[in-house]
Amino acid sequence: MPTFDYAPAPESPSIVDIQPSYGLFIGGEMVDPIDGARFKTVNPATEEVLSEVVAAGPEDVDRAVAAARAAYDGAWSRLSGRDRSKYLYRLARIVQERSRELAVLESIDNGKPIRESRDVDVPLVAAHFFYYAGWADKLDYAGFGPDPRPLGVAAQVIPWNFPLLMLAWKIAPALACGNTVVLKPAETTPLTALAFADICRQADLPPGVVNIVTGAGETGRTLVEHPGVDKVAFTGSTEVGRQIARSMAGTRKKLTLELGGKAANVVFDDAPLDQAVEGIVNGIFFNQGHVCCAGSRLLVQESVADELLARLKRRLTTLRLGDPLDKNTDIGAINSAEQLDKIRMLSKIGETEGAERWSPPCELPERGFWFPPTVFTGVSQSHRIAREEIFGPVLSVLTFRTPTEAIEKANNTPYGLSAGVWTEKGSRILWMAQRLRAGVVWANTFNRFDPTSPFGGYKESGYGREGGRHGLEAYLDV
Ligand code: NDP
C-alpha cells in the first residue's frame, strides 16, 4: 500500500481553448469539408464530448493532396535547405512556447497522465523539430550522395497512442528533406494535430506544406491510396500495415511501416533488481501500455523470479491511477471503449488459458475507460497473452534458466521492434544485443527515446527507420 496519500494536484484545463467544431487544415486554412461528415471526439477519462471534427471524404482528401502538390511545386521546392530549417526551428520554438497548452490538450484528448505528456511527449516533439531543423541545410553530408532530392507529397497516417509525438516523427523529417505532407491523425485523438495546424499558421509556414485531414480508417485508406501521393508513412497495427503494403504494391510510392510489437524485457540474476523493477514498470505501464515498443513480456531468470515478482508487486501497489490531469497520476485512462474491450478480452483469455492474474488493489473511476495494472504469471509461450499485442497495462511473465533460452524465448515472436536486457555484465549485454532480433535493444533501461536515434522494426514490426540520420532516407529519393 502507498506509504502516504498525495493531495490532488490537478492541472487546470482552462489553458486550452477547445472549439465546439473544427474543419480541415488545407492550403494553410481551416476549411469546411466538401464531402466529409462530422463526428464527435470524447475525453476518454470522462466520456464527455470535447468537440466535433470532420471525417474527411474523398473530395476533401483530393483537395488536401492538391494543396500539398501545389506547395511542393511552388514555393517550398524553391526554398534552400537553410530557409526550410528556419521554418522547422520556428515550429520547434512555438511548440516549446505552447508546451503547457499542448500537454494539457494531449492528456484531455488521449487520457495519458499529464506527467508524461508534459515531461516526455511534448519535449520530444520540440526535440524532433530542432533535430531535423539541423539537418535541413546539411543533406549533402547525410551520406545519401550530393544534393539528394525530396520525394514530393507524403501521406502520413498516425495512431492514437502518441498523437503529437507521432506527428512530429512524421512531419519533421519530411519537411527537412523538402517534401510536403498530408497527415491523418487517429480518429480518437485529432485535437493536438489541429492545434499543430494553428502552430503552422503562427510560424507562417507557406500554405499547403502541411495539411491535416481528420477522419477514421476510411479517410486513411483514401489518403494512402491517392494517386497523387509519392510516399506513404504509416504507424499503427500490423493488420492495417499489411493492407497498406498490399495496396502500395506495384505503385511508384515509397512506403515505411512502423507496426506492432511484443517486446521481451529480459532480467538476469545479476541485475540490480530495484532498478529492473523501475524499468519493468516504465516498460509496460508507461502510457497505459499503449506503446508499440512496450516491454509486455517479462523474461526473468528463474533463480530471481520470486524475489523480483515480490518487489514488482510491492511497487505496483504504489502506482496511482486516475485523473490524467493530476500531476501525481501514474496511470491514466485507456484511450477508447474499443481498446478497453480488446484489453479485457485478451486478459480474460489469459485466465482461461491458465495463467494467474494479479492486480494491486485499485479503485477505478466510474466514468471513462479504465483498466488496472495487471500482471500474469505462469505464462507459457503458447498463450495468446504471450504472443499478441495487448496494447494495455498488462504484463506477461515468463521465466528462463540460461542466456540461450532467454534469446530463444525473446525471439519467439512474429514481431521485432524492441527488447530490454538487465544485467551488470557489459559482455552479456553485447552478447544479447547481437542475438536479439529487435530494432532497438535497451540495456539497463527501457522506453528511452531520442530524436538522434533510429527507431524501427524487424519482421512483422515493419520496415524503414524513423529518427536520426537514418530517418532522412525515408523522405529522400535515394
Ligand atoms: P489502426 O492500425 O487501425 O490505426 C492506425 C491509424 O491508421 C489510424 O489513424 C487509423 O484511423 C488508420 N487506419 C485504419 N484503417 C486504415 C486503412 N485501411 N488505411 C489507412 N489507414 C487506416 O490501429 P487501431 O487504432 O485500430 O488499434 C488497433 C490495434 O493496433 C491496437 O489494439 C494495437 O494493438 C495496435 N496499434 C499499434 C500501434 C503501434 O504503434 N504499433 C498504434 C496503434 C494501434 P482510425 O484511428 O480512424 O482507425
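Located above this text is the structure these notes cover.
Here's a quick rundown of the structure. Just so you know, these numbers come straight off a predicted model, no measurement behind them.

### Considerations on the pattern of salt bridges
Evaluated as defined, the whole model comprises 29 salt bridges. Residues R69 and D230 are paired through a salt bridge, measuring 2.7 Å at the closest nitrogen-oxygen approach. With R69 in helix α1 (residues 58-78) and D230 in the loop between α7 (217-224) and β8 (231-235), this pair connects stretches of sequence that are 161 residues apart. Residue classification places D230 among the buried positions, given a relative accessible area of 10%. The partner of D330 in a salt bridge is R320, and the shortest N-O contact between them spans 3.7 Å. Residue D330 is found in the loop between α10 (302-316) and α11 (337-352), and its partner R320 is found in the loop between α10 and α11; the two are separated by ten residues along the sequence. On the accessibility criterion, R320 (27% relative accessible area) is partly exposed. Linked through salt bridges whose partners overlap, the residues forming this network are R98, E101, D198 and R201.

### Points about the packing of aromatic side chains
If you walk through the whole model with that rule in mind, you get eleven aromatic pairs. Summarising the aromatic geometry, the rings of W76 and Y87 are spaced 5.9 Å apart at their centres and angled 55° between planes, so their arrangement reads as tilted. Residue W76 is found in helix α1, and its partner Y87 is found in helix α2 (residues 81-97); the two are separated by eleven residues along the sequence. On the basis of relative accessible area, W76 is assigned to the buried category, the value being 1%. Considering the side-chain rings of W442 and F449, the 5.9 Å spacing of their centres and the 85° angle between planes classify their relative orientation as edge-to-face. Judged by its relative accessible area of 7%, W442 falls in the buried class. Taken together, the aromatic side chains of W169, W442, F446, F449 and F455 make up a single cluster linked through ring pairs. Above the plane of the ring of Y475 lies K231, whose end atom (NZ or CZ) is 5.0 Å from the centre. Over the face of the ring belonging to Y458 we find R465, whose NZ or CZ atom lies 6.0 Å from the ring centre.

### Overview of the sheet that holds strand β11 (residues 297-301)
Taking strand neighbours across the sheet as the criterion, the seven strands line up as β12-β13-β14-β11-β10-β15-β16 in an open arrangement whose pairing is mixed. Each edge of the sheet is formed by a strand with only one pairing partner; in this case those strands are β12 (356-358) and β16 (440-443). The sheet shows a mean angle of 20° between the axes of neighbouring strands, taken without regard to direction. As paired elements, strand β10 (residues 264-267) and strand β15 (residues 418-422) share four bridges and run parallel to each other. Note on β15: the bridge partner recorded for V266 is V421. In the packing of α10 onto the sheet, contacts are made with β10, β11, β12, β13 (374-377) and β14 (394-400), and the angle to β11 comes to roughly 130°.

### Topic: the site of the ligand
Among the 28 residues in the neighbourhood of the ligand, the closest are listed as I158, W160, A216, S237 and K342. One of the backbone N or O atoms of G236 is found 3.5 Å from a nitrogen atom in the ligand. Side-chain polar atom of Q339 to an oxygen atom of the ligand: 2.8 Å apart, as the coordinates give it. For the ligand, whose unbound accessible area comes to 850 Å², protein coverage reaches 87%. Structurally, the ligand is housed in the largest pocket. Of the residues in the shell around the ligand, the class split is 13 nonpolar, ten polar and five charged.

### Details of the pairing of β10
The two faces of the sheet receive side chains in turn, since in a regular strand these alternate between them. Burial of the side chains of β10 extends over both faces: A264 and V266 are buried on one face and N265 and V267 on the other. Pairing of β10 with β11 involves four bridges; the strand directions are parallel. Paired with V267 across the two strands is V300, which belongs to β11. This β-α-β element, β10 to helix α9 (residues 273-285) to β11, shows right-handed connectivity.

Reading the values: rules and limits
- Residues numbered from 1 in each chain as written.
- Predicted model: local features only at pLDDT ≥ 70, side-chain atom pairs only at ≥ 80, totals over all residues.
- Heavy atoms only, no water.
- Salt bridge = Lys/Arg side-chain N within 4 Å of Asp/Glu carboxyl O.
- Helix = DSSP H or I, 4+ residues; strand = E, 2+ residues; numbered from the N terminus.
- Buried < 20%, exposed > 50% of the residue type's maximum accessible area, 1.4 Å probe, protein only.
- Phe/Tyr/Trp six-rings, centres within 6.5 Å; stacked < 30°, edge-to-face > 60°.
- Lys NZ or Arg CZ within 6 Å of the ring centre and 35° of its normal.
- Pairing = 2+ DSSP bridges.
- Axes fitted to C-alpha atoms, helices over the stretch in contact; angles between N-to-C directions.
- Contact = heavy atoms within 4.5 Å.
- Near = heavy atom within 4 Å.
- Polar contact = N/O pair within 3.5 Å; in protein donor to acceptor, adjacent residues only side chain to side chain.
- Areas by Shrake-Rupley, 256 points an atom, 1.4 Å probe, with all protein chains shown as cover.
- 1 Å grid on protein atoms, 1.4 Å probe; cavity = no way out; pocket = protein on both sides within 12 Å on 5 of 7 lines; lining within 4 Å.
- Sits in = over half its atoms within 2 Å of the grid points.
- Nonpolar A, V, L, I, M, F, W, Y, C, P; charged D, E, K, R; others polar.
- Right-handed = clockwise from strand over helix to strand, strands pointing away.

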